[in-house]
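# Overview (structure and organization)
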Amino acid sequence: MEPNDSVSTATPAAPAARRRMARYAVPVAVAGVAAATIGLVPALAAAGDPDLPEITAQELIEKIAASDVEQMSGTLKVSTDLGLPSFAGLGDLLGEAGAAAGEAKEAEAKLLELASGTHTLRVAADGPDRQRLTIQDGDDEYTVIHRGGEVWTYDSKANEVLHAKDDAYESGGADEAHEPPVTPKELATEALKAVDGTTSVTVGGTARIAGRDAYQLVIKPKQSGSTIGAIKVSVDAQNGVPLKFTLTPSTGGKAVVDAGFTQVDFAKPAADTFAFTPPRGAKVTELDEESEGAAGRHGGPADKELDDLRKDLGGKDLGKDLGKNLDDLESVEDFPGPNVIGEGWTTILELGGPAAPSGAGEEGLPAEAEKFLGALGDQVTGKFGSGTVFKTRLVNALLTDDGKVYVGAVTEKALLDAANKAAR
């Protein structure tokens, strides 16, 4: 099914603020999407099966934005192939960190595990106050339930339960801005934020997803040099809910991200879907009781270490001393931010290199570090000198030997061109 309608749109408005746990199921709504209408003609999205009424790309975007579905349940299959090792170990590390900064961090760590491999998720939502997400891993499950003003998480493998009020859960350290998108709707919303004049948006025909008729919205970079080939969003023809999200690389082959419903029902879920009673023998932590004045669910160690540090420093006010040191800096240039190179899908971030560490060679890196990095990436040279390119199927990075970093969802050539231009 070939794309049959093209439209250039302005960047959509960001989603309205939502309750935290709504992110774990299908978000209730998204804000309106601004789109240019010049040059639009109606397009027929019935080149394949099923046969659906004609629709334009702008109308399909507006259909996503206007979706007001608040009740649903279903099963998701999420597959991610970045060409990296499993993130499960990293998730375990973040889980340990979460224990020192509020158990809420463990949910973020679990979601991070979705960055590699194939996972099965079960989701349910009944308005803004009731959501449920279960990540299935063989016989093990990790469940997050938001019900009214309460949040429950249950890790069946560890047989541990966290119970918190909404505000206590948020104060426990979970940061919505750092939680990865999970559902096709969340992924589609993030993709639509990138839509601008460098983007082609088309209706790519129709499909049948989880037993539902759907239109296919295709988002592609107009620029060359991006590692992103295309993003395809399958949108429920009846209610506008994205049912499937697929991101394919410019090199072709297997999708980098493929997240879609295998089963979905937009009827009101049964009330007991959001009920939860801690299993017999499970360790239950009340986050709201321990969050005040404690370092986390285990409480105490971090505060004790901080007190010991204060004693070692003679009882000095660390915050005051730090502020004074910052005031003594001659310029904010001592903390250079990233330099943005290019625009749209070929944007590259250039990060200034640190001062060469003591004992480093002329290139600015210790010989041991240079050898280690060289084993992980490809050695390259150019006007910028020499460096190492680290590749994934989506994001690539160039680390020059003088410590500069160029990173983006762009090809190796684009990175080298940017570094060579900066070296002139």
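Everything in this summary refers to the structure shown in the same document. The shown structure was predicted, so the numbers you read here are calculated from the model rather than taken from an experiment. (Residues numbered from 1 in each chain as written. Predicted model: local features only at pLDDT ≥ 70, side-chain atom pairs only at ≥ 80, totals over all residues. Heavy atoms only, no water.)

### Considerations on the layout of surface pockets
Estimates place the volume of the largest pocket at around 730 Å³. Lining the largest pocket are 23 residues, and of these Pro181, Leu187, Leu247, Val257 and Leu394 sit closest to its centre. Tallying contributions element by element places helix H5 (residues 184-193) first for the lining of the largest pocket, with three residues. By residue class, the composition of the lining of the largest pocket is 20 nonpolar, two polar and one charged. (1 Å grid on protein atoms, 1.4 Å probe; cavity = no way out; pocket = protein on both sides within 12 Å on 5 of 7 lines; lining within 4 Å. Points joined across faces, edges and corners; volume = space filled by probe spheres on them. Helix = DSSP H or I, 4+ residues; strand = E, 2+ residues; numbered from the N terminus. Nonpolar A, V, L, I, M, F, W, Y, C, P; charged D, E, K, R; others polar.)

### A look at the pairing of strand S4 (residues 130-137)
Both strand S3 (residues 117-126) and S4 contribute to a ladder of six bridges, which runs antiparallel. The residue bridging Val123 from the neighbouring strand is Leu133, located in S4. Remark: three residues form the turn of the hairpin made by S3 and S4, two consecutive strands paired antiparallel; Gly127 in that turn has positive phi of roughly 80°. With eight bridges joining them, S4 and strand S5 (residues 140-147) adopt antiparallel strand pairing. Considered in S5, the bridge of Gln136 is made with Glu141. Taken together, S4 and the strand that follows it, S5, pair antiparallel across an intervening segment of two residues, in which Gly138 is found at a positive phi of about 65°. (Pairing = 2+ DSSP bridges.)

### Considering the pattern of salt bridges
For side chains bearing opposite charge, pairing can occur when the charged atoms are close. Within this structure, the stated rule accounts for 13 salt bridges. The salt bridge partner of Arg212 is Asp236, with a shortest N-O separation of 2.7 Å. Separated by 24 residues along the polypeptide, Arg212 in strand S9 (residues 212-221) and Asp236 in strand S10 (residues 228-236) bring together distant segments of the chain. The class for Asp236 is buried, based on a relative accessible area of 1%. Note that Lys391 and Asp378 form a salt bridge whose closest N and O atoms lie 3.6 Å from each other. Highlighted residues: Lys391 in strand S17 (residues 385-391) and Asp378 in strand S16 (residues 378-382), separated in sequence by 13 residues. On the basis of relative accessibility, which here comes to 45%, the residue Lys391 falls in the partly exposed class. (Salt bridge = Lys/Arg side-chain N within 4 Å of Asp/Glu carboxyl O. Buried < 20%, exposed > 50% of the residue type's maximum accessible area, 1.4 Å probe, protein only.)

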